[in-house]
Amino acid sequence: KLMRGGDATHLVFPDFNMKINLIVQDLFRYSDLDEVEGRDVDDSTSFDITLLRLKLEGDMLDKEWSYYFQNDFVQGEQADGSSGSELKDVWLQWNADDAAKLRAGQFKIPFSRQELDSDEKLAIIERGLASNSFAPSRNQGLLLHGPIDDALGYSIGVYDGESDNEGFNRGGVDNKVAGSAALTFNVGE
């Protein structure tokens, strides 16, 4: 059954559901270039699509398994220097019970709230520069996570890391791994 609701289109079957989102973020620029190096220059305007993402997410088999896929059709720079589509996230998660979920694939390492919130849910248009510098972003690996109680949660993960030629959209090439452990405390809804 196909349903529309909230911010997405949903495919719903007895033991499988999928939420489909298409996110488009565009940017209008106006440059007032009265004079450059002593000569008159025409002003310029442009529209740029800065983000065009397809997200597929849902669960299956009586919600015992969850999945997530996200691809950006604008921002990818490939290993050979060309640009094109870029795989952001792809993971499969076993929802063992309410307190333990095991995720495998490529996803954001749980680190900072600004990094973990999706672009369309940020209060301002862009992330802060410090977020790009300090957050580990996406990597391939395993993550065990879940709630401890209503206000406290945990996550423990192991990832390929960032050795030469590995990390985001690239598999491991050596024995080095990176790890993460976090406790989260929610102060309110």
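Thresholds applied
One numbering rule holds for all chains: residues counted from 1, following each sequence as written. With pLDDT at 70 or above as the cut-off, local features in this predicted model cover only qualifying residues; side-chain atom pairs require 80 or more to be listed or tallied, and sums for whole chains, interfaces and linings still use all residues. The side-chain figures draw on all heavy atoms in the structure; neither hydrogens nor water molecules are used. Only DSSP runs of H or I covering at least 4 residues are called helices, and only runs of E covering at least 2 are called strands; the numbering of each starts at the N terminus. To sort residues, take the accessible area from a 1.4 Å probe on protein chains only and compare it with the maximum for the residue type: under 20% means buried, over 50% means exposed, and anything in between is partly exposed. Contact criterion: two residues are considered in contact whenever any of their non-hydrogen atoms come within 4.5 Å of each other. For accessible areas, the Shrake-Rupley method is used with a probe of radius 1.4 Å. Any residue's cover is judged against the shown protein chains and nothing else. Two strands are said to pair when DSSP picks up at least two bridges between them. Grouping buried Ala, Val, Leu, Ile, Met, Phe, Trp, Tyr and Cys residues that are joined through side-chain atoms within 4.5 Å yields what is termed a nonpolar core. Patch rule: a residue counts if its relative accessible area is over 30% and it has no salt bridge; like charges are joined within 9 Å, and nonpolar side chains (Val, Leu, Ile, Met, Phe, Trp, Tyr) within 5 Å. Here a salt bridge means any side-chain nitrogen of Lys or Arg lying within 4 Å of a carboxyl oxygen belonging to Asp or Glu. His residues and chain termini do not enter the charge count, which takes Lys and Arg as positive and Asp and Glu as negative. A charge is said to be at NZ when it belongs to Lys, at CZ for Arg, at CG for Asp and at CD for Glu.

Visitor: What is the right way to read the overall build of the protein from this model?
Guide: When helices and strands are tallied, the protein shows two helices and twelve strands. Secondary structure elements of the protein occur, N-terminal to C-terminal, as β-β-β-β-β-β-β-β-β-α-α-β-β-β. Counting every position in the protein, which comprises 189 residues, the buried fraction comes to 29%. A separation of at least 24 residues holds for 41% of the contacts in the protein among residues at least 6 apart in sequence. In the form shown here, the protein has an accessible surface area of approximately 12700 Å², with 55% of it arising from carbon and sulfur atoms.

Visitor: Is there a simple way to think about the pairing of strand β11 (residues 152–159) in this case?
Guide: A regular strand carries its side chains on alternate faces of the sheet. Across seven bridges, strand β10 (residues 138–147) lies against β11 in antiparallel orientation. If you follow leucine 143 over to β11, its bridge partner there is glycine 157. Linking β10 to β11, which pair antiparallel, is a turn of four residues. Where β11 and strand β12 (residues 178–185) come together, eight bridges link them in antiparallel fashion. Counterpart to valine 158 in the pairing with β12 is glycine 179.

Visitor: What is the right way to look at the environment of alanine 151 in this model?
Guide: Take alanine 151: it is sitting in the loop between β10 and β11. Distance from alanine 151 to valine 187, taken between C-alpha atoms, is 6.9 Å for residues 36 residues apart in sequence. Apart from residues no more than four positions distant in its own chain, alanine 151 is found in contact with Thr184, Phe185 and Asn186.

Visitor: What exactly am I supposed to notice about the nonpolar core here?
Guide: The nonpolar side chains of a soluble globular protein tend to be buried, and buried together. By size, the foremost hydrophobic cluster in this structure holds six residues: Tyr68, Trp91, Phe107, Ile109, Leu143 and Tyr159. For tryptophan 91, the residues in contact, after removing those within four places along its chain, are Ser66, Tyr67, Tyr68, Arg103, Ala104, Gly105, Gln106 and Phe107.

Visitor: Honestly, a negative patch on the surface in this entry has me stumped. Any pointers?
Guide: Residues Asp32, Asp34, Asp40, Asp42 and Asp43 make up a contiguous surface patch of negative charge. Relative to the helices and strands, aspartate 34 is located in the loop between β3 (16–31) and β4 (35–36). For aspartate 34, a relative accessible area of 52% puts it in the exposed group.

All quantities given are derived from atomic positions and should not be read as evidence of function.
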